[in-house]
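An overview of the molecular structure
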Amino acid sequence: MTTMRSVYTGAVGKVDVTDVERPVPGSRDVLLRIRACGICGTDVGFLHMGGMPFGPGGSMISVPLGHEPAGEIVEAGAAVTDLKVGDRVVVNPQGAPSGIIGCGGRLGGMSEYLLIENAGIGKSVAVVPDTVPFDVAALNEPMAVARHCVNRSAAGPTDKVVVFGAGPIGLGATIWLKLRGVEHVVVADIIPGRLETALAVGADAVIDSGTEDVTARLTELHGPAANALGQPRAGTDIYIDAAGVPAVFNATVASAKWGAKLVMVAVQKKSDGIDLGGMLRSELTLIASQGYPTEIFEVTPEIVEHQERFARLISHRIPFSEVDRAFELALTPGAAEKVVVTFDD
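A brief report on the enclosed structure follows.

What follows concerns the overall build of the protein chain. Broken down by element type, the protein chain carries eleven helices and 17 strands. Computed over its C-alpha atoms, the radius of gyration of the protein chain comes to 21 Å, within 12% of the 20 Å expected for a compact globule of 345 residues. Considered along the principal axes of its C-alpha atoms, the protein chain spans approximately 70 × 45 × 30 Å. The buried share of the protein chain, taken over its 345 residues, is 53%. Considering only intrachain contacts with a sequence separation of at least 6, the fraction spanning at least 24 residues in the protein chain is 66%.

Here's what the structure looks like:
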């Protein structure tokens, strides 16, 4: 039996690097040698739980991790006609018939090899040129999440937007907004280094929401406006929550003008009651954004074109031989922005 190393959830806050059987592709499958795989907040959530509640009575079981892989095809089934050995690809983790890759399915992308079932361009994978580093290509999945959020916002060139949270999704949303031609994009966060990155990827202004009055700064940047009762508010049109903390919702309600929109893309932490009265006074529209119904490969050509800008989102590149350290970084608040695990030749 030929084996490979694969990362699974272990005890709470830990991963297990396990030797498992290397998959053998069927006639309609391809085998991908993983070259890079990102770690995201979803992975961290699984580690905090110690797995996923798929066991008897909802008990936790260990699951393979990694839903942000990029790699190259090393084997292709006889019935695969649009892909070949040597193709460099990014993956749609939701396209696997055996379950979402790295999110409860039987396959995980944080492995030396990954089976792509029923492989096909535009469905399970997209081919990328060799001019794109694998670590940047591995951003494809989270950037699809960010793109869906921006698509849900329906932001236009004349809109004024604020993005709360300068993690990978918030920064990705900032890039997509600017590439979309949005007039003015502000990024708010409490970590100075993140705000510096926000400016580097194209934000027009930043707000340190830990020390600055958000409403006052937004009014300064986007002009004055009012809510339905004529109370003073900022002229911001669209608020994007990529932070997932109650303070963002509170800041939005306190700042929102009549007819503003709030797009919620972050996984929300448990919070206190929502100020429905404040929403009513601004006729604030709440829009939820989940996943990437159509965006997973919509983003790929633009990541290729603007790869240097997207590369700025990666704070740490950690070799697979140190994958334990990579997850420790991701688990430590404020220690890293975006960790990508790289696989040696």
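Moving on to the sheet that holds strand 10 (residues 205–208). Strand order in this open sheet of six strands is 10-9-8-13-14-15, and the pairing throughout is parallel. Looking at strand neighbours, the two that pair on one side only are strand 10 and strand 15 (285–288), the edges of this open sheet. Mean inter-strand twist for the sheet, computed between neighbouring axes without regard to direction, equals 20 degrees. Bridge count between strand 14 (residues 261–264) and strand 15: four bridges; the pairing is parallel. When the bridges of strand 15 are listed, Met-264 appears paired with Ala-288. The sheet strands contacting helix 3 (residues 140–153) are strand 13 (238–241), strand 14 and strand 15, and the helix crosses strand 14 at an angle near 155 degrees.

Further remarks concern helix 4 (residues 168–179). If you check helix 4, its first and last C-alpha atoms are 16 Å apart, about what twelve residues at 1.5 Å a residue would give, namely 16 Å. Among the twelve residues that make up helix 4, nine are buried, leaving the element largely enclosed by the rest of the structure. Listed in full, the buried residues belonging to helix 4 are Pro-168, Gly-170, Leu-171, Gly-172, Ala-173, Thr-174, Ile-175, Trp-176 and Leu-177. Looking one or two residues past helix 4, Gly-181 carries a phi angle of roughly 90 degrees, positive in sign.

The next thing to look at is the packing of helix 3 against helix 4. Where helix 3 meets helix 4, the axes come as close as 8 Å, and the angle between the chain directions of the two elements is 55 degrees. Classified by the angle their axes make, helix 3 and helix 4 are oblique. Of the two possible hands of crossing, helix 3 and helix 4 adopt the one that is right-handed. Mapping the contact onto sequence places Pro-142, Met-143, Val-145, Ala-146, Arg-147 and Val-150 in helix 3 and Pro-168, Ile-169, Gly-172, Ala-173, Trp-176 and Leu-177 in helix 4. Of the residues assigned to the contact of helix 3 with helix 4, the class counts are ten nonpolar, one polar and one charged.

Let's shift gears to the packing of aromatic side chains. Scanning the model with the defined rule gives two aromatic pairs in all. Measuring from centroid to centroid gives 5.1 Å for Trp-176 and Phe-310, while their planes differ by 50 degrees, and the two rings are tilted. With Trp-176 in helix 4 and Phe-310 in helix 10 (residues 307–311), this pair connects stretches of sequence that are 134 residues apart. For the pair formed by Trp-176 and Phe-310, the shared burial category is buried. With a centroid separation of 4.5 Å and an interplanar angle of 20 degrees, the aromatic rings of Phe-320 and Phe-343 are classed as stacked. With a gap of 23 residues between them, Phe-320 in the loop between strand 16 (316–319) and helix 11 (323–331) and Phe-343 in the segment after strand 17 (339–342) connect regions that are remote in the sequence. The same class applies to Phe-320 and to Phe-343, which are both buried. Residue placement shows Arg-88 over the ring face of Phe-134; its charged tip is 3.8 Å from the ring centre. The ring of Trp-176 has Arg-147 sitting right over it, with the charged end atom 4.4 Å from the ring centre.

As enumerated under the stated definition, the model contains 17 salt bridges in all. We note a salt bridge from Arg-194 to Glu-337, for which the minimum N-O separation is 2.3 Å. Pair noted here: Arg-194 is in helix 5 (residues 192–200) and Glu-337 is in the loop between helix 11 and strand 17, with a separation of 143 residues, a long-range link. Residue class for Glu-337 comes out partly exposed when judged on its relative accessible area of 27%. With a closest N to O distance of 3.0 Å, Arg-217 and Glu-212 form a salt bridge. With a relative accessible area of 16%, Arg-217 lands in the buried category. Looking at Glu-212, the relative accessible area reads 29%, which means it is partly exposed. Each member of the salt-bridge network shares a partner with another, and the members are Arg-147, Glu-298 and Glu-302.

Definitions and limits used
Residues numbered from 1 in each chain as written. Predicted model: local features only at pLDDT ≥ 70, side-chain atom pairs only at ≥ 80, totals over all residues. Heavy atoms only, no water. Helix = DSSP H or I, 4+ residues; strand = E, 2+ residues; numbered from the N terminus. Rg over C-alpha atoms; globule rule 2.2 N^0.38 Å. Buried < 20%, exposed > 50% of the residue type's maximum accessible area, 1.4 Å probe, protein only. Contact = heavy atoms within 4.5 Å. Pairing = 2+ DSSP bridges. Axes fitted to C-alpha atoms, helices over the stretch in contact; angles between N-to-C directions. Expected span 1.5 Å × (residues − 1). Parallel < 35°, antiparallel > 145°, perpendicular 65-115°, else oblique. Left-handed = near helix turned anticlockwise from the far one by under 90°. Nonpolar A, V, L, I, M, F, W, Y, C, P; charged D, E, K, R; others polar. Phe/Tyr/Trp six-rings, centres within 6.5 Å; stacked < 30°, edge-to-face > 60°. Lys NZ or Arg CZ within 6 Å of the ring centre and 35° of its normal. Salt bridge = Lys/Arg side-chain N within 4 Å of Asp/Glu carboxyl O.

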